[in-house]
Amino acid sequence: MAKSEEHGRLEKHRNRQANWKKWGPYLSERAWGSVREDYSKSGDSWQYFPHDHARSRAYRWNEDGLAGVCDRNQHMLFSLALWNGKDAILKERIFGLDPDEGNHGEDVKEYYYYLDSTPTHSYMKMLYKYPQKAFPYEQLIKENQKRDKFQSEFELMDTGIFDDNRYFDTYIEYAKADQEDLLIRLTIHNRAEDTAECYVMPQLWFRNTWSWGQKTGPLIDVPSKPIMRKSKKQSDTLCIDVEHPSLGPYTFYAEGEPEIVFTENETNFERLKMGENPTPYVKDAFHRYIIDEEKEAVNPGNFGTKGMVKYLRTLGPGESTTIRLRLCKGSVSAPFEDFDEIFQKRIVEADDFYRSIQTPDLSEEMKLIQRQSLAGMLWSNQLYYYEVKQWLEG
């Protein structure tokens, strides 16, 4: 008999009775600057694909996103975007310095913590700390460039952006109702003593496998272009219908009455001065729609290869809000009726699993440290797709 429900899922997965690891945290928080995406003549991947290009350029070999998940072949992806009303860009991915900008080399300048995960990712939890002031991108670059390798690094905390607790604690949790049924819970806490607004914008999209003229290979064998479109299967629940030639039909449910907009996961060639755009709806459309108020940036037909659900929350001092979402194969009749019950069950099962594998003589504090350390490794279980022959063909 299995020691815990999680042990049972692991056994079924090993015996190929159930694919409990089909969905997981296989999406990197940062993919810009990767050598896989480097098609420059100089071989300088950091300059060829910098952070400033990431919101506008479609990746070929992998994707990135904040606290995201995807299927094991990275065909369809989900992640979180945030905006505090002051940042110059949407917070969609982790920011860092390239080797020439950091006085100690490549260096992430964000605060995020992997808090919990089971081996099958049946339950996962992460925390991201989002400042309420404008994120100091230029200050971090300039201050670190001034310093030599013998000086300490200039960190995000050193900018004073977290003074007076002016930040949001953003908790991202996942619980699997089944192998291809993901419950998503977002909880945002205002830690400041003043009221603050936060845009919370979950995103669902397809990795671009259709623009490269290459239709073979284990992870890009997609015979036709996928599509997602706005729907309303229940009278009180907005959703996105998804059709993918390899994954089949999925439905993404969003609780409440958020705004849903769409674009294409296509490079904005015009912004990057790389030519003309083949479509008016490109990857950075949501940035332009929210921050620049370009209403024409998103597809009025309510379909595309990238969708965003937009919530605006005004939180008083110390207040919090919770947003519930669900992504599942096919559809379910009442997506949020059993939501909290399933979440609580998966948390209890995660506790049972770790209780069964941890040494009894460890203190509760050491058990928590060990569990979070394992969570860090499990959250870092990511896709690395790189077929050299295809890469050389460009």
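What this report covers is the structure whose coordinates are included nearby. (Residues numbered from 1 in each chain as written. Predicted model: local features only at pLDDT ≥ 70, side-chain atom pairs only at ≥ 80, totals over all residues. Heavy atoms only, no water.)

### Some remarks on the overall build of the chain
Tallying secondary structure elements over the chain gives eight helices and 17 strands in all. A compact globule built from 394 residues would reach a C-alpha radius of gyration of about 21 Å, and the chain, at 21 Å, matches this within 12%. Principal axes of the C-alpha set define a box for the chain whose edges measure 60 × 50 × 45 Å. Counting all 394 residues of the chain, 57% fall into the buried class. (Helix = DSSP H or I, 4+ residues; strand = E, 2+ residues; numbered from the N terminus. Rg over C-alpha atoms; globule rule 2.2 N^0.38 Å. Buried < 20%, exposed > 50% of the residue type's maximum accessible area, 1.4 Å probe, protein only.)

### Thoughts on empty space enclosed by the protein
In total, this model carries five cavities of 30 Å³ or more according to the counting rule given. Around the largest cavity, the lining is made up of 14 residues, and of these Asp 64, Arg 93, Gln 203, Trp 205 and Lys 306 lie nearest the centre. Only β3 (76-83) and β10 (196-206) provide two or more residues apiece to the lining of the largest cavity. A per-element tally of the lining of the largest cavity places β3 first, with three residues. (1 Å grid on protein atoms, 1.4 Å probe; cavity = no way out; pocket = protein on both sides within 12 Å on 5 of 7 lines; lining within 4 Å. Points joined across faces, edges and corners; volume = space filled by probe spheres on them.)

### Here we look at the pattern of salt bridges
Following the criterion strictly, the structure yields 32 salt bridges and no others. Lys 329 is the partner of Glu 180 in a salt bridge, and the nearest nitrogen-oxygen pair spans 3.8 Å. Within this pair, whereas Glu 180 is found in the loop between β8 (167-178) and β9 (181-190), its partner Lys 329 is found in strand β17 (residues 320-329), the two being separated by 149 residues in sequence. You can call Lys 329 partly exposed: its relative accessible area is 35%. (Salt bridge = Lys/Arg side-chain N within 4 Å of Asp/Glu carboxyl O.)

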